[in-house]
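What follows is each chain in one-letter form.
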Amino acid sequence: MMHDNHETLSGWNPLQLLVDSCDECEARGRLDDHGIPYLDAERFAAAWQRAADWNRTDLGGISITEAPLLNVLWAVQVQLERLGVPLGTIPLPEPHIGMHHNPEASSS
Ligand SMILES: [Zn+2]
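Our subject in this report is the structure included herewith. Being a predicted model, the structure only gives us computed values, none of them experimental. (Residues numbered from 1 in each chain as written. Predicted model: local features only at pLDDT ≥ 70, side-chain atom pairs only at ≥ 80, totals over all residues. Heavy atoms only, no water.)

1. Some thoughts on the overall build of the chain
Note the threshold: Secondary structure elements are taken from DSSP: a helix is a run of H or I of four residues or more, a strand is a run of E of two residues or more, and numbering for both begins at the N terminus. Accessibility here uses a 1.4 Å probe with only protein chains present; expressed as a share of the type maximum, an area under 20% marks a residue as buried, one over 50% as exposed, and anything in between as partly exposed. Pairs of residues are marked as contacts when any of their non-hydrogen atoms sit within 4.5 Å. Throughout, the Shrake-Rupley method with a 1.4 Å probe supplies accessible areas, and for residues the shown protein chains are the sole cover considered.
Assigned secondary structure in the chain consists of three helices and zero strands. When its helices and strands are written in sequence order, the chain yields α-α-α. Burial statistics for the chain: of 108 residues in total, 31% are counted as buried. Long-range pairs, those at least 24 residues apart, make up 48% of the contacts in the chain between residues at least 6 apart in sequence. Put simply, the chain shows about 7,400 Å² of open surface, and 56% of that area lies on carbon and sulfur atoms.

Okay, here's the thing in structure tokens:
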């Protein structure tokens, strides 16, 4: 399936990850994973930031189709914040960040 010409669709703005009334975007948005695997690294980073911006500000122009995707990313960010990752920040690998399971360290 191909994307429709986003620029011609009602309500489109260039920051939207998935565009209303585009058959391809709407099909991705209906997937259980909301099309997250389709995002390349740059688009994923943009989606992550957009999810944070949307939840922390009065960011307008959110399409109906991208809302579930942004909601899922936001929910993950909220969980990550409880682990020390600031909202809107993609947790990248660093030596001393993360909760790696170490069987030898667990005592019961
Ligand atoms: Zn599209």
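2. With respect to the pattern of salt bridges
Short version of the rule: Salt bridge criterion: a side-chain nitrogen from Lys or Arg within 4 Å of a carboxyl oxygen from Asp or Glu.
According to the stated counting rule, one finds two salt bridges in the structure shown. Taking the shortest distance from any N to any O, the salt bridge between Arg50 and Glu66 comes out at 2.7 Å. One end of the pair, Arg50, is in helix H2 (residues 41-56); the other, Glu66, is in the loop between H2 and helix H3 (67-82), with 16 residues separating them in the sequence. For Glu66, a relative accessible area of 0% puts it in the buried group.

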